[in-house]
Amino acid sequence: MTKRDKFIIFCSIAITLCLIVGIVCISGISGSNSKFLSYRVPIILISLLAVLAVYFSRIRKDKYEKMLNSEYYQKYETIRDIVMNSQLSNNSKKEIKEDILDILISAQKAEKSVDNVVNSPVEFAENIIRSYLRPERIAVLTLLDGIMFSAIFTLLASCVLWLENVRENFFSTSIDIDVLVVIFFVAFIVIPVSKAFKPNQSIGAYTLIIIIAFILLPGIITKVFSGNEFIEQLYNGRVNMIPNIIIFIIYLIVVPTCIFLKAYIRKLLR
Amino acid sequence: MNNDTQIIKGILEGCILKILEQEEMYGYKTVEMLSNVGFDVNEATVYPILARLQNKGLLKTDKRPSPYGPTRKYYSLTNEGKESLNDFQDTWDRIKNIVNKIMEDDKND
């Protein structure tokens, strides 16, 4: 299991614990009744099952992966993780995974030392990705992912806010500017940077920075800049992201357009 | 032999095309062929080259069941690959003649 796998399992446990503690605290405040339990117990059960699902998805091996001994599997796991986290298409990823398994199983059968076959799994995986996609194309694909993510979440946030008050006109729903900042921050910084980490790199420091950025920084900024009109507008202001039907249609078109552009970049511009 | 140099990579590409022109082959077997003729290469060097040649349209692949693991990819040359091999052979002959001439001149001096 790579450090990335351990980190993902740890995060799923931490989120579940936070959820359970939150629910228990709320039950303490509101008092227990049957209606309360009827929908909170299933949430706790689903979150626990999600942790198990994450755990088993990380340790699961297919029948060919099981054929590799521990030394070979360790190298294979690193290569697979980098390829699977890359900007390659799902078909390319599947093809590469099969090719690597065939090469490693053949080398293992020939009793070759794994270090003679793959000296640096990270370098090997990066060379494979480069043979499919040039680095500048990877940057464009990452940017398109960011645009898709921000469009989807802005749309979702607007829908949720509108659902809170359905009588209001959908096109007059506005979102807090700080929520938008978080959406763009996640789309264009957090996700691309986290994808750049190698499976066995420790991402503790990065996580700490993100936590500080998300939780502490807004508090610190508002405290330090209290009275500053711009900062106060940033934290208290709201903006209407979908003011009319044309913008709404543009939001709906953004996702398929980005998917089409990604497929075009991957296939035709190799 | 420093395998990281662009020259070796270029020569390897040409040699892989030549090997695959003679016989269609899967990745691991190609590595063995190159090792047998004296190239100090491993799977991690050859597989990205095969993938690059395939993506450039110089190689085509045919998937067949393998006796050990998942389906195995057999590589062979496309028409573009054959043209690229001819280009490589022309370039190689020219470079080889120039280098030999310089080396022989050096010996005669």
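See the structure shown above.
Quick notes on the rules
- Residues numbered from 1 in each chain as written.
- Chains lettered and ligands numbered in written order.
- Predicted model: local features only at pLDDT ≥ 70, side-chain atom pairs only at ≥ 80, totals over all residues.
- Helix = DSSP H or I, 4+ residues; strand = E, 2+ residues; numbered from the N terminus.
- Buried ≥ 20, exposed ≤ 12 C-beta atoms within 10 Å, placed from the backbone.
- Contact = placed C-beta atoms within 7 Å.
- Nonpolar A, V, L, I, M, F, W, Y, C, P; charged D, E, K, R; others polar.

Chemist: Explain the overall build of chain B here, please?
Modeler: A count of helical and extended segments in chain B gives 4 helices and 3 strands. Taken from N to C terminus, the helices and strands of chain B fall in the order α-β-α-α-β-β-α. Reported as C-alpha extents along the three principal axes, the dimensions of chain B are approximately 60 × 30 × 20 Å. Within chain B, buried positions represent 29% of all 109 residues. Long-range contacts, defined as pairs at least 24 residues apart, comprise 45% of the intrachain contacts of chain B with a sequence gap of at least 6.

Chemist: Could you clarify how one ought to interpret the interface of chain A and chain B in this entry?
Modeler: Accessible area lost during the coming together of the parts is what is often quoted as the interface size. At the interface, 21 residues of chain A touch 17 residues of chain B. When contributions to the side of chain A that touches chain B are tallied by element, the ones reaching two or more residues are helix H4 (90-109), helix H5 (114-117) and helix H6 (121-132) of chain A. Sorting elements by how many residues they give to the side of chain A that touches chain B places H4(A) first, with 9 residues. Class assignment of the residues belonging to the side of chain A that touches chain B gives a composition of 11 nonpolar, 5 polar and 5 charged.

Chemist: Can you help me understand the environment of Phe188(A) in this one?
Modeler: Along the polypeptide, Phe188(A) turns up in helix H8 (residues 177-196). Once the C-alpha coordinates of Phe188(A) and Glu126(A) are considered, the two residues, 62 residues apart in sequence, prove to be 22 Å apart.

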